[in-house]
Amino acid sequence: MWPCADHSGTPCLQRQRTKTVAIAAVALSVCFLVFQFVMQHKLDSYRDVMNSKLRFFKAVPGEDTYLYSAIANFHDPEEGKLNIIITAFDGSDINYECCVHLDDKTLLRTPSKLVYGENRATAKRLGQRFSERIHGKPDENKLKKEKQYHCGVSGNLRASHVTLTSSSCPSNTQDYLPIVYPKTVPADGLAICAKVAFGTELDPNVLMEWFEVQRLLGVDHIQLMDLDNPEPIQKVFRYYSDMDFLELLPYELPGPPYGRGLHESTRVFNQFFHDESLPILDCRRRLADYTYIMGVDMDEVLIPAKNQDLKTFIKEQLQSHPNAAGFFFWTQFFLYEWGPVNQDSDVTMFRYLNSTQPRWECYKYIYLTQRVKHATTHTITPVSPYRQYTVPKEEAILHHYRQCPKGWKTCNPPRITDRSILRFKDTLEGRLQKAREATGISPQSLPKN
Ligand SMILES: *[C@@H]1O[C@H](CO)[C@@H](O)[C@H](O)[C@H]1NC(C)=O
């Protein structure tokens, strides 16, 4: 039968047109799906290529998950067990299983547990609400967040390698992280978790001053990650690594967006927050046996008002606050734009003696490792029943040496002159002299900026 036995030809034409449109639409959708499939395939194979170039992370095949370190301990979170904490960037929402290579050559497969960060699937399974921390962008789901997974091994066993999987355990040792067993540390040890050094904003001379002041303040150890630092900075790092004061760990930024860095011009928001936070998580675990950890950057120095070292200072604070998990400090900014107060010294920290009044901004902390679950750049999460305290500005100040922060209304707030750092004058100059000779770096050897 003729399909369009109508009185006029118009509806017939319309129907045919509808049909053509329908066919075109189907064809377009198919094209689109094929295109998407091809693109996805291209992206996947591009990711495989990029992943094969990773030097310090292990990519979980097919997932947006990158494992950095596996650090062992025997009491946290489970006493008497081998606890392996994997620190990772993770953009997936997967309940991973652990593949653990035991020392007796057997392979153990066991569920992992998320101990830092959030995972939608886990939250759902536990009936919890998934509360994503959003910094204000809709692409939050694509971010690779810093997470920590726990792999537990009971029965007095030791293990050498570990990885996470959503399918089967890889057979190649290359795909596993070696498990780190932290060295024993001095009793009453104080360490700094200093995040990442990423080069050109650092002045190697100020960096030497920073290391030396920390030594004079009684700091025992510093952990820091190295993201593509130039040779003068590397020389300084080698000098302090060789004396066992610094542990420099290699760093890179895996996964998309590719080619990002941490400089103002190369950082990508909001991935930047996560790129900067992973080193703090790693450090908290690697240095878990230190009694105290201080979170400061390479342009910050904590100076107690009394002429005392930091351990004596913390013990005094603990006498007033026996239930303290950690202490927070006020900041004074010593802005380079203002020019030096003391022209005669070639030590930057002795030249720039003018600062803002103490501000509650960029505050940092010292915490007791046994009393703190996690730390981020500006926060700590105390273990109950411990709590955090703010140290009165009359008792200690964080000195922050830098250019005027971008967000300030004025770079000319009232100035004060603070000479407290001059207490280190003689000792610091002697130490610096040695460091300058050993590294070949001195204020004269570099062009002034
Ligand atoms: C430093 O601060 C004092 C006030 O405390 C002021 O008189 C002086 O001009 C300032 N110098 C510089 C270089 O900022």
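The rules behind these values
- Residue numbers run consecutively from 1 along every chain, following the written order of its sequence.
- This being a predicted model, a pLDDT of at least 70 is required before a residue's local features are given, and a value of 80 or more before pairs of side-chain atoms are given or counted; all residues contribute to the totals for chains, interfaces and linings.
- UniProt positions are given in the numbering used here, feature names are shortened, and annotations may be inferred rather than shown by experiment.
- For helices the rule is a DSSP run of H or I covering at least 4 residues; for strands it is a run of E covering at least 2, with both sets numbered from the N terminus onward.
- A pair of residues counts as a contact when their C-beta atoms, built from backbone coordinates, are within 7 Å of each other.
- Being paired, for any two strands, means DSSP has found at least two bridges between them.
- Every angle, taken between N-to-C directions, lies between 0 and 180 degrees, and every axis is a line fitted to C-alpha atoms, over only the stretch in contact when it is a helix.
- Should an angle lie under 35 degrees it is considered roughly parallel, over 145 roughly antiparallel, and from 65 to 115 roughly perpendicular; all remaining angles are considered oblique.
- Handedness of a crossing follows from how the near helix is turned relative to the far one, being left-handed for an anticlockwise turn of less than a right angle and right-handed for a clockwise one.
- Polar here means any residue outside two lists: the nonpolar Ala, Val, Leu, Ile, Met, Phe, Trp, Tyr, Cys and Pro, and the charged Asp, Glu, Lys and Arg; Gly therefore counts as polar.
- As used in this record, a residue near a molecule or strand is one whose C-beta atom, placed from the backbone, is within 6 Å of it.
- Think of it as a crowd count around each C-beta: if 20 or more other C-beta atoms lie within 10 Å the residue is buried, if 12 or fewer it is exposed, and in between it is partly exposed, with C-beta placed from the backbone throughout.
- By definition, the arc is the one covered by directions from the helix axis to the C-beta atoms.
- Scored between 0 and 100, pLDDT is the confidence that the predictor attaches to each residue.
- A set of buried Ala, Val, Leu, Ile, Met, Phe, Trp, Tyr and Cys residues, joined to one another through C-beta atoms within 7 Å, is what we call a nonpolar core.
- Helix span, expected: 1.5 Å multiplied by one less than the number of residues in the helix.

Naming follows an unreviewed UniProt entry, where the protein chain appears as Glycosyltransferase family 92 protein of Batillaria attramentaria. In the Subcellular location (unreviewed entry) part of its UniProt record, the protein chain is described as follows: "Membrane". According to UniProt, the comment filed for the protein chain under the heading Sequence similarities (unreviewed entry) is "Belongs to the glycosyltransferase 92 family."

A. Representation of the overall build of the protein chain in the model. Of regular secondary structure, the protein chain possesses 8 helices and 22 strands. Each principal axis of the C-alpha atoms in the protein chain carries an extent, and together these give about 105 × 60 × 45 Å. The contacts in the protein chain between residues at least 6 apart in sequence include a share of 76% that link residues at least 24 apart.

B. Geometry of the pairing of strand E9 (residues 177–180). Two elements, strand E2 (residues 65–73) and E9, share 2 bridges in a ladder whose sense is parallel. Counterpart to Ala-70 in the pairing with E9 is Ile-179. Alignment of strand E8 (residues 159–165) against E9, held across 2 bridges, turns out to be antiparallel. Each bridged residue has a counterpart across the sheet, and for His-161 the counterpart in E9 is Pro-178.

C. Structural detail: the packing of helix H4 (residues 231–242) against helix H8 (residues 425–439). At a closest axis distance of 10 Å, the pairing of H4 and H8 adopts a crossing angle of 120 degrees. The angle between H4 and H8 places the two elements in the oblique class. The way H4 lies across H8 gives a crossing that is right-handed. On H8, the residues touching Lys-235, Val-236 and Tyr-239 of H4 are Ala-435, Ala-438 and Thr-439. Of the residues belonging to the contact of H4 with H8, the class tally is 4 nonpolar, 1 polar and 1 charged.

D. Here's a closer look at the site of the ligand. Close contacts around the ligand come from Trp-338, Gly-339, Val-341, Asn-354, Arg-415, Ile-416 and Thr-417, and that covers them all. Counting residues per element, the shell around the ligand draws most heavily on strand E22 (residues 415–417), at 3 residues. Grouping the constituent residues of the shell around the ligand by class yields 3 nonpolar, 3 polar and 1 charged.

E. Inspection of helix H6 (residues 310–320) at higher detail. By the burial criterion, the buried members of H6 are Leu-310, Phe-313 and Ile-314. Buried residues in H6, looked at end-on, bunch into an arc of 95 degrees, giving them a common side. Facing away from the buried side of H6, by more than 90 degrees, are the exposed residues Thr-312, Lys-315 and Gln-319. On its buried face, H6 sits against strand E10 (190–197), strand E13 (292–295), strand E14 (300–304), strand E17 (359–368) and strand E21 (396–402).

F. Region of interest: the UniProt feature "transmembrane region" (unreviewed entry) in the protein chain. UniProt annotation of "transmembrane region" (unreviewed entry) refers to residues 21–39 when read in the numbering used here. Secondary structure across residues 21–39 comprises 100% helix and 0% strand; the distance between its end C-alpha atoms is 26 Å.

G. Inspection of the confidence of the model for the protein chain at higher detail. Of all residues in the protein chain, 91% have pLDDT values of 70 or greater, and the mean over the chain is 90. Confidence over residues 1–12 falls short of pLDDT 50; this stretch has 5 contacts with residues more than four positions distant or in other chains.

H. Structural detail: the nonpolar core. In this structure, Leu-67, Ile-84, Ile-86, Val-162 and Leu-302 are the most contacted members of the largest nonpolar core, which totals 99 residues. Per-element accounting of this core gives the leading share, 8 residues, to strand E15 (residues 324–335). Not counting chain neighbours up to four residues away, the residues in contact with Ile-86 comprise Leu-67, Ala-70, Gln-148, Tyr-149, Cys-151, Val-162, Leu-164 and Leu-177.

I. Representation of helix H3 (residues 204–216). Taking 1.5 Å per residue, 13 residues should reach 18 Å; H3 reaches 18 Å between its end C-alpha atoms and fits that length. Counting buried positions over the 13 residues of H3 gives 10, a clear majority of the element. Those residues of H3 not exposed but buried are Pro-204, Asn-205, Leu-207, Met-208, Glu-209, Trp-210, Phe-211, Glu-212, Val-213 and Gln-214.

J. Layout of unusual backbone geometry. Of note, the amide linkage connecting Phe-269 to Asn-270 takes the cis form, showing an omega dihedral of 0 degrees. You can see Asn-270 is positioned in the loop between strand E12 (246–250) and helix H5 (271–286). Omega for the peptide link from Ser-384 to Pro-385 comes to 5 degrees, which places this bond in the cis form. For Asn-156, which is not glycine, the phi torsion reads 55 degrees and is therefore positive. By the secondary structure assignment, Asn-156 is in the loop between strand E7 (145–153) and E8. The phi torsion at Asp-228 lies on the positive side, around 55 degrees, for a residue other than glycine. Mapped onto the fold, Asp-228 is located in the loop between strand E11 (221–226) and H4. Overall, Asp-228 belongs to the partly exposed group, with 15 C-beta atoms counted inside 10 Å.

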